[in-house]
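Examination of the molecular architecture
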Amino acid sequence: MFAVIRTGGKQYRVAPNDIIEIEKIAGEPGDIVQLGEVILLGGDGGPKTGSPTISGASVAAEVLEQKRDDKIIVFKKKRRKGYRRTKGHRQALTALRITEILTDGKKPSKAAAKPEPKKAEAPKPKPEAKKAEAKPAAKKPEAKPAAKKAEAKPAAKKPAAKAAAKKPAKAAAKAPAKKPAPKKK
């Protein structure tokens, strides 16, 4: 079963156990929120639409975290007028896990908020042992690039010295140029 909900001026297609990021709504991590603007319900028996919303339908979700989106840069410019303005913006977001889709005015159940436990938690200590072994080996290659940088710096200075030597020679060649003789009337 899926639903299309409207929140924050946007529409989202959701199903149970989906994780979505919406514009900020009130709630602490772990709270259950109810989103009441359900536009469409789909699943068994075909889609059901509302005008504009389906009465009695809602979506229950658990708040995972309150966070901020990446920064966007807003740059305004009017050409040939010297007008430039730069501003940054970070949108406040709420991450939700959809727990259940409710119909006929039902209330969200507390048991549906618990996700299935993950089985990948047990093998975590093994990768840490590999990381400890890899750290001493990683220190040795760092010394070689540092030596290459030191060698590259004197080589960069030599072409600059040659360019400085050429400039005075050109200036000396231009200095002894004589003015043409004035025309007779």
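These lines cover the structure that appears in this document, whether it is placed above or below. (Residues numbered from 1 in each chain as written. Predicted model: local features only at pLDDT ≥ 70, side-chain atom pairs only at ≥ 80, totals over all residues. Heavy atoms only, no water.)

For strand β5 (residues 38-42), the tally of buried residues reaches four of five residues, placing the bulk of the element in the interior. As paired elements, strand β1 (residues 2-7) and β5 share four bridges and run antiparallel to each other. Each bridged residue has a counterpart across the sheet, and for Val-4 the counterpart in β5 is Leu-40. Hairpin connection from β5 to strand β6 (residues 48-49): five residues lie between these consecutive antiparallel strands, with Gly-43 at a positive phi of about 145 degrees. (Buried < 20%, exposed > 50% of the residue type's maximum accessible area, 1.4 Å probe, protein only. Helix = DSSP H or I, 4+ residues; strand = E, 2+ residues; numbered from the N terminus. Pairing = 2+ DSSP bridges.)

If you trace the four strands from one edge of the open sheet to the other, you get β2-β1-β5-β6, paired in antiparallel fashion. Each having just a single partner strand, β2 (10-14) and β6 make up the two edges of the open sheet. Note: β5 against β6, two bridges, orientation antiparallel. The residue of β6 that forms the bridge with Leu-40 is Thr-49.

It is worth spelling out the pattern of salt bridges at this point. Taken as a whole and assessed by the stated rule, the structure comprises four salt bridges. Across the salt bridge formed by Lys-10 and Glu-23, the nearest N and O atoms sit 2.4 Å from each other. With a gap of 13 residues between them, Lys-10 in strand β2 and Glu-23 in strand β3 (residues 19-23) connect regions that are remote in the sequence. Across the pair Arg-97 and Glu-62 runs a salt bridge, and its minimum N-O distance is 3.4 Å. Of the two residues, Arg-97 sits in strand β10 (residues 92-102) while Glu-62 sits in strand β7 (residues 58-68), which places them 35 residues apart along the sequence. Judged by relative accessible area, Glu-62 falls into the buried class, the value being 14%. (Salt bridge = Lys/Arg side-chain N within 4 Å of Asp/Glu carboxyl O.)

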